[in-house]
Amino acid sequence: MIRLNLRKSAAIGMCCIFILSGTVWAAPSNTGIGIQVNGRWLLIDAEPFIENNNILIPLRGVMENLGAKVEWQQERGSVAIHKEAIHIELFVNKNTATVIRRVGGTSTAETLKLEVPAKIVEGRTFIPGRFVAEALGAKVDWNQSLHAMIIKSSSEGDMIGVERRVYFEIVDPEIVQENEVLKKWHQDNFKTEGIYALDAGNWKYVLAAAGEQPTGGYRLIIDSITEVIQGTGYVHAVLAAPEKNDFVTQALTYPNVVVRFHKGSIEKIQGDFTKQQQNDEESKRTVEDLTKRFGKQLQVED
């Protein structure tokens, strides 16, 4: 008696459809994650995988189909991705990336926090697919039925050529305490360092919390919120330490600030903190160095 293996038969049938239609299926045998770029299924020789709810894709193969150039920088332990006036650098096993854009002859740089870093697995470099594709101006969706990442290059009008400023207002602490929802959200998070978001109607509330500090006198300021990647607001907060001769309260404190803005199309919030200390100069020099190198490369390509 012959038993029909429905899964196997379906897989064979699907493969036949793709072969006859001239498309190439990129779903690997183990993870089953496919990658489609602008309606075309990609054939890739390394399997994408999921980590921390993020899909990591092989560096080469996908980026070229988005019109980008890729480069492994051995001395820096990083990968560089270039497309027209956009440069992205990701460091292996580090959860930050530098995105540099050139508009009107001026380069702007932003250091962004990643939910999952680039990794090397069995000699192949993998990068967070959604982050990089969106940074290049593409739209990324997940198709559950196909178990695939669907990437579409955005039209020039849809791309964000340079970060868009998001206008926000500071929320008075008394207003937070008077609203039960805001109060609970604030109490649950203000002692733990991080950037937190809460939707309330047309408003998006953002809490920047610097965590536990040894004394009073610390000041936390949100100096900017920008939309660097479509749909993602990036919050930059500055924690200013008390001056050496300042008189401060000798008690543990938890500097924090709450702001709000009309959320519009922004769904996701990321952010980081800058501490006003001397070692910030080193970070600043690193970004300036990247900007200069990127500018030189663009001049050569032009």
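Heads up: the structure comes first, above all this text.
A quick note: this is a predicted structure, and the numbers were derived from the prediction, not measured. (Residues numbered from 1 in each chain as written. Predicted model: local features only at pLDDT ≥ 70, side-chain atom pairs only at ≥ 80, totals over all residues. Heavy atoms only, no water.)

Caption draft 1: Seen up close, the overall build of the protein. Across its full length, the protein holds six helices and 21 strands. Within the protein, contacts between residues at least 6 apart in sequence are counted, and of these 56% link residues at least 24 apart. For the protein, the accessible surface area stands at approximately 17400 Å², while carbon and sulfur atoms represent 50% of it. (Helix = DSSP H or I, 4+ residues; strand = E, 2+ residues; numbered from the N terminus. Contact = heavy atoms within 4.5 Å. Areas by Shrake-Rupley, 256 points an atom, 1.4 Å probe, with all protein chains shown as cover.)

Caption draft 2: Fine view of the side chain of Gln213. Locating Gln213 in the fold gives a position in the loop between strand E17 (203–209) and strand E18 (219–229). Accessibility expressed as a relative area gives 9% for Gln213, which makes it buried. Every residue in contact with Gln213, bar those within four places of it in the chain, is listed here: Tyr218, Leu239, Ala251, Leu252, Thr253 and Pro255. (Buried < 20%, exposed > 50% of the residue type's maximum accessible area, 1.4 Å probe, protein only.)

Caption draft 3: Spatial organisation of the environment of Glu115. Mapped onto the elements of the fold, Glu115 is located in the loop between strand E9 (106–113) and strand E10 (119–121). Accessibility expressed as a relative area gives 43% for Glu115, which makes it partly exposed. In sequence terms Glu115 and Asn53 are 62 residues apart; their C-alpha atoms lie 8.9 Å from each other. Those residues in contact with Glu115 that sit more than four places away from it in its chain are Asn52, Asn54 and Lys268. For Glu115, the side chain forms a polar contact with the side chain of Lys268, separated by 3.3 Å. (Polar contact = N/O pair within 3.5 Å; in protein donor to acceptor, adjacent residues only side chain to side chain.)

Caption draft 4: Highlighting the nonpolar core. Residues Met63, Ile81, Ile88 and Ile151 are the most contacted members of the largest nonpolar core, which totals 34 residues. It is helix H3 (residues 129–135) that contributes the most residues to this core, four residues altogether. Here Ile88 is in contact with Val79, Ala80, Ile81, Thr98, Val99, Phe131, Val132, Ala135 and Leu136, once residues within four sequence places are set aside. Core analysis: the next-biggest nonpolar cluster, separate from the first, contains 15 residues, Ala210, Ile222, Val235 and Val257 among them. (Core = buried A, V, L, I, M, F, W, Y, C linked by side-chain atoms within 4.5 Å.)

Caption draft 5: Local environment of the side chain of Asn189. Within the fold, Asn189 resides in helix H5 (residues 180–189). Asn189 sits in the buried class, given a relative accessible area of 16%. A polar contact of 2.8 Å, which involves the side chain of Asn189, links it to the backbone oxygen of Trp185. Setting aside its immediate chain neighbours within four residues, Asn189 contacts Tyr196, Leu207 and Ala209.

Caption draft 6: How the structure looks around the environment of Phe247. Tracing the chain through its elements places Phe247 in the loop between strand E19 (232–240) and strand E20 (256–262). Spatially, the C-alpha atoms of Phe247 and Gly216 are 8.8 Å apart, while their sequence positions differ by 31 residues.

Caption draft 7: View of the pattern of salt bridges. Taken as a whole, this structure holds eight salt bridges when the rule is applied. One salt bridge connects Glu115 with Lys268, and the closest N-O pair in it is separated by 3.3 Å. Remark: Lys268 occurs in strand E21 (residues 268–275) and Glu115 occurs in the loop between E9 and E10; sequence separation between them is 153 residues. Residue Lys184 pairs with Asp188 through a salt bridge whose shortest N-O separation is 2.8 Å. Of this pair, Lys184 and Asp188 both sit in helix H5, separated by four residues, roughly a single helical turn. On the accessibility criterion, Lys184 (52% relative accessible area) is exposed. (Salt bridge = Lys/Arg side-chain N within 4 Å of Asp/Glu carboxyl O.)

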